[in-house]
Amino acid sequence: MKPKENFEEHLFKNLGTYQSIDIEEDWQKVRKRMTQEKSIRLHPFWRTAAAVILLLGVGFIAQKYLAPSPDMIAVLSGEQMKHVLLPDGSMVTLNRQAELVYPEKFNRKKRELKLRGEAFFEVVSNPSLPFIVDVNEKAQVKVLGTSFNISQDQNRESISIQVVDGKVAFSSLEGSDEIILVKDEQATLRADGITLDDRMDRNSMSWKTGVLFFENTDIEEVLKQLQAHYEIEIVLHQSVPDNLSFTSTLDKQELESVLDEISLVLGLDYSYENEKVVFTLSE
Amino acid sequence: MIKGLRSGRDSAYEELFKEFYKPLTVFANSYVKDLETGKEIVQDLFVHLYEKRRTLVISTSLKSYLYQSVRNRCLNHLKHQQVQKMHHDQMKPELDSTDNLEDKIRENELEHMVSKVVDQLPPRCKRIFIMSRVTGLSNGEIAEQLEISKRTVETQISNALKVLREKLDF
């Protein structure tokens, strides 16, 4: 304790600071950030399951389940893209609003994960340890070491796989469809099964790569992709003919420079109106 | 409490946060000299703690761990800032001064207690006390502003100090 004569001097130095901190407000901030990444423990369930089986006297099964089962980790990306480093060193990039569930430690036979939403995978090669992703409890993707992208349509009715590198087995969990994909191939699972797509939609990975490809693409389609990528509404004024097409590779470009480029190439002008971009025919 | 944290009980977090947030923020502020930065550093630590709760190994007491982590984060922050030479010159004496963590923690806790006791004072008494010790107004100035007698101001301040002495056992 300080000597008495220092009582005031020492103790009131930071009183103003203490009084100015709003602990409730700041707690809400932290709580919000905490819920962005929430982990779920699944193993108490397995422990119970194992105990029940033991009571039934099926010793050998109990033994199997009593082996320490790993904690499951669930990562929700929420409003932001999120990088997840898996226990084996593989990297998953979750697009927004995606959820990945994986064990804290992979077992010795396979690497199993569950995904809801979209993600880009860079898998560390290990031929003896297959890497298996269940997507929306509908499809299964099995790989040995590669990079690939899992994408979905807006209504989450179809699931597509784009393979950037390596070899991937893509199968439906309901049907018996299975298709093997290699580099630069894409397949899509719809209600009627899996089909190999004619060409890979490279732009479905733009959220991860930042790169958009256009090759004689209809202006309407270009704008649709830009809207999704830059999250801003872009419209054509009626003065603009709708048969225009655009070719370019946009590599991590700012919106402004993209708009400038389109204007220059197609002879248009653009302006902002009510937080929308409007293209008009250049005078 | 550590057990509560590890099991992921959210209320354990809230308790922990509410117990340590203010003193840690003031502690951080004493290094970074900016309250908002101090708040951010402490908030980051709490989020980090939450994310790492399963694997976290705390070998010392939770309290020393928290203070130590805040200090490390503050020093890192200052190191980053030192890229600017001007800051460098300003910060250097601060970094070099050997600070005894234990002493600092004790001092901080005491200040926190003072603030908590002040919070419990009757509203008028609290207001007068803050005007006097935080804003730094003279008793005459306070009397004038609140349109009360100087005598009342003096009484309220001595009451506040009396309560503080009692509660803090001086």
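Treat the numbers as computed from the prediction; the structure is a model and nothing was measured.

1. What to know about the nonpolar core
Part 1: If you look at the biggest cluster of nonpolar residues, it comprises 34 residues, and the most contacted ones within it are Leu24, Phe46, Leu66 and Val70 of chain B.
Part 2: Looking at this core, the elements that each hand over two or more residues are α3 (23–36) of chain A together with α2 (10–32), α3 (35–51), α4 (62–81) and α6 (101–120) of chain B.
Part 3: Sort the elements by how many residues they give to this core and α2 of chain B lands first, with 11 residues.
Part 4: Excluding residues that lie within four positions of it along the chain, valine 70 of chain B makes contacts with Leu24, Phe27, Ala28, Ile41, Val42 and Leu45 of chain B.
Part 5: Membership of the second largest hydrophobic core comes to 33 residues, among which are Leu100, Leu113, Ala139 and Val143 of chain A.

2. Focus on the pairing of strand β2 (residues 82–85) of chain A
Residues and elements named next belong to chain A.
Part 1: Only one face of β2 is covered, namely the face carrying Lys82 and Val84; the face carrying His83 and Leu85 is uncovered.
Part 2: Here 4 bridges tie β2 to strand β3 (residues 91–94), and the two strands are oriented antiparallel to one another. When the bridges of β3 are listed, lysine 82 appears paired with leucine 94.
Part 3: Between β2 and the antiparallel strand that follows it, β3, lie 5 residues; glycine 89 among them carries a positive phi value of about 95°.

3. Things to note about the packing of aromatic side chains
Part 1: Taken as a whole, this structure holds 11 aromatic pairs over all chains when the rule is applied.
Part 2: Where phenylalanine 121 of chain A meets phenylalanine 148 of chain A, the ring centres are 4.9 Å apart and the plane angle is 10°; that geometry is what we call stacked. Taken together, the residues phenylalanine 121 of chain A in strand β6 (residues 119–122) and phenylalanine 148 of chain A in strand β9 (residues 147–152) connect sequence positions 27 residues apart. With respect to class, phenylalanine 121 of chain A is no different from phenylalanine 148 of chain A; both count as buried.
Part 3: Each ring, one from phenylalanine 17 of chain B and one from phenylalanine 46 of chain B, has its centre 5.0 Å from the other, and the planes form 65°; the classification is edge-to-face. Highlighted residues: phenylalanine 17 of chain B in helix α2 and phenylalanine 46 of chain B in helix α3, separated in sequence by 29 residues.
Part 4: Chaining the aromatic ring pairs together yields one cluster made of Trp27 of chain A together with Phe17, Tyr21 and Phe46 of chain B.

Conventions adopted
Residues numbered from 1 in each chain as written. Chains lettered and ligands numbered in written order. Predicted model: local features only at pLDDT ≥ 70, side-chain atom pairs only at ≥ 80, totals over all residues. Heavy atoms only, no water. Core = buried A, V, L, I, M, F, W, Y, C linked by side-chain atoms within 4.5 Å. Buried < 20%, exposed > 50% of the residue type's maximum accessible area, 1.4 Å probe, protein only. Helix = DSSP H or I, 4+ residues; strand = E, 2+ residues; numbered from the N terminus. Contact = heavy atoms within 4.5 Å. Pairing = 2+ DSSP bridges. Phe/Tyr/Trp six-rings, centres within 6.5 Å; stacked < 30°, edge-to-face > 60°.

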